[in-house]
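So you can see what is in the structure, the chains are spelled out below.
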Amino acid sequence: MSRSLEPLATFSHRPGPLLIVVADGVGVAPDAPSNAVTTAPTPTFDALMTSALSTTLLAHGPAVGLPSDDDMGNSEVGHNALGAGRIFDQGAKLVNRALADGSIYETPVWKQVVEHGKANTLHFIGLHSDGGVHSTTAHLYQLLEHAADEGVMRVRLHLLLDGRDVGARSALGYIAQTEQVLSKINERHRSPQGSNWPGADYRIASGGGRMTITMDRYEADWDMVERGYQCHTHGVGRPFASATEAVATMYAESEAGDQYLDSFVITGPGRPGEPVGVMHDGDAVVLFNYRGDRAIEISRAYEEVDFDGFDRGEHPVVYFAGMLQYDGDALVPKHYLVDPPTIDRTMGEFLSAAGLRSFAISETQKFGHVTYFWNGNKSGYIDPALETYVEIPSDNVEFNTTPGMKLREITDRTIELLRSGDFDTGRLNFPNGDMVGHTGDLAATVAAMVILDACLADLVAVIDELGGVLVFTADHGNADIMYTESGGTRSPKTSHTLSPVPFAIHDARYGGEYVLAAPERAGLSNVAATVFNLLGFEAPDDYDQSLISFVV
């Protein structure tokens, strides 16, 4: 299909550039002591959101391609929707369908997983919660049951503790559920008395917090991936008799939430002191996460022959498969159980085809969101002659210690790009509402919002100076609900929220040429058509409706 854009008959464009600002994790929720967004003094944000060109957008559930309105949005699907201008079924929905109709078990990849598992050991690695952002235990349990029914008798689980998309210290509950599932499988497939058949041996083998091991992204911290690889593969970690003992012990030793707990391995019984889940040649390894950003590096560590991220030691030759393919351009991983969404005809493709010059900028933690995810899960440039991508390196710290993160650097560099006159449009991600919000630290998140607002004010001033347009929005909620209360007990809320997100247009030369006309249940996918209109173009016919209409 054509990537050409038709000019609007009633509106050309402003003389200055159009800048899209995504305030990651900044939702719109009722004013409350738990709401860092409304608690913080944010005069620029408030002015934008009380203007006639402001509204709120849905950023969760079916509005971003997730199964139901109970499914909170996330940065991956949010940026997909922003960049694609349409709603595509996303990872969780695709996996749900493949499990429900059984097609996942008919794939050559699953058959290879079972074959290797029956001959050796089948290992599952993944985020261990029902948070639904990167994975869900519901998928894991179905795969475990089916593997057992197909005759895989030896399975080891390597659990990444969440505490981020779910309660900060909820790991023991999830471990208890999983232990119950494993116990039932082992009982149902136990060896008959006097038989030489070994029976099922399904166990938890290793684990650790998701922000401590394995789940790095954008190559920000290869040491983190190495710790996970060594733990899951070679049994390197603090030894415990059970996952419950490991978590309970570490809870008693500090106030850390699940996401920050150290790596651990389970040892014995039979061979006291020896890890129960060391990987060997011929084993199968399935990563049951469906979201891509925090799955790519560990996938590479298992399947790349010439891997150079760190020294793997005696690397076993295993059959590795992902739940989905996490990078369609780099083909990571090579083997996967469910086809990922095919996102085509993105905003960036149309802008490049029209010859518009654009830039994308953020710090490492969210750089891939304004590039890879924005471009429909595709790596690299669409047109390097027309595009500039700028990555500001993130610090490897707990982000409540630096609530501003790299916002000042992002802002200063963005201002340079805008004033250069080299670009028609740009996009940036301010990550601190999300990354600091995930720590559960209310005071730090309030401070993050103050810094965000100051940087936003600087950008508005430059847009006014240049006669451009600023489009402000977010990808999902997080900072808007920082804790919950029950029975007088306050619990930090580190997960995303179901809140809508802000949307506002700041047009330095606005003279009533258009009005806000958001369709019912407008969501993030409506932003792209709006941007095309503000740039003086008709939106592509198959894009979701624009949020503005022009006054004739």
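Summarised in this report is the structure supplied together with it.

### Comments concerning the sheet that holds strand S12 (residues 387-392)
Read from one edge to the other, the open sheet built from seven strands follows the order S2-S17-S14-S1-S13-S11-S12, with strand pairing classed as mixed. Because the sheet does not close on itself, it has two edges, and the strands there are strand S2 (54-57) and S12. Direction aside, the axes of adjacent strands within the sheet are offset by 15 degrees on average. Here S2 pairs with strand S17 (residues 501-507) via four bridges, running antiparallel. By the bridge assignment, Leu57 is partnered in S17 with Val501. Contacts between helix H13 (residues 407-419) and the sheet are confined to strand S1 (18-23), strand S11 (358-363), S12 and strand S13 (425-430), with S11 contributing the most and set at about 165 degrees to the helix.

### A look at the packing of helix H3 (residues 75-84) against helix H12 (residues 364-373)
Between H3 and H12, whose axes approach to 9 Å, the crossing angle comes to 35 degrees. For the crossing formed where H3 meets H12, the hand is right-handed. Residue-level contacts link Ser75, Glu76, His79 and Asn80 of H3 to Lys366, His369, Val370 and Phe373 of H12. Residues of the contact of H3 with H12, tallied by class, amount to two nonpolar, four polar and two charged.

### Here we look at a nonpolar patch on the surface
On the surface, Tyr510, Val515 and Val551 cluster together into a nonpolar patch covering about 240 Å² of accessible area. Within the secondary structure, Tyr510 sits in the loop between S17 and strand S18 (514-516).

### Some thoughts on the sheet that holds strand S10 (residues 336-338)
Ordered in space as S6-S7-S5-S4-S3-S8-S9-S10, the eight strands form an open sheet in which the pairing is mixed. Two strands close off the open sheet at either side, each with one partner strand: strand S6 (238-240) and S10. On average, each strand axis in the sheet is tilted by 20 degrees relative to the strand beside it, whichever way the strands run. Packing against the sheet, helix H6 (residues 137-149) makes contact with strand S3 (122-128), strand S4 (154-161), strand S5 (201-209) and strand S9 (319-324), and its axis sits at approximately 165 degrees to S3.

### A few points about the pairing of S1
Among the six residues of S1, six are classified as buried, and the element is accordingly described as predominantly covered. A two-sided burial pattern is seen for S1, the buried positions comprising Leu18, Ile20 and Val22 on one face and Leu19, Val21 and Ala23 on the other. As paired strands, S1 and S13 are joined by six bridges and run parallel to one another. What sits directly across from Val21, in S13, is Leu428. As paired elements, S1 and strand S14 (residues 469-473) share five bridges and run parallel to each other. Its bridge partner being in S14, Val22 is matched across the sheet by Thr473.

Cut-off values and rules
Residues numbered from 1 in each chain as written. Predicted model: local features only at pLDDT ≥ 70, side-chain atom pairs only at ≥ 80, totals over all residues. Heavy atoms only, no water. Pairing = 2+ DSSP bridges. Helix = DSSP H or I, 4+ residues; strand = E, 2+ residues; numbered from the N terminus. Axes fitted to C-alpha atoms, helices over the stretch in contact; angles between N-to-C directions. Contact = heavy atoms within 4.5 Å. Left-handed = near helix turned anticlockwise from the far one by under 90°. Nonpolar A, V, L, I, M, F, W, Y, C, P; charged D, E, K, R; others polar. Patch = residues over 30% accessible without salt bridge, like charges linked within 9 Å, V, L, I, M, F, W, Y side chains within 5 Å. Areas by Shrake-Rupley, 256 points an atom, 1.4 Å probe, with all protein chains shown as cover. Salt bridge = Lys/Arg side-chain N within 4 Å of Asp/Glu carboxyl O. Buried < 20%, exposed > 50% of the residue type's maximum accessible area, 1.4 Å probe, protein only.

Shape is all these values report; function is a separate question.
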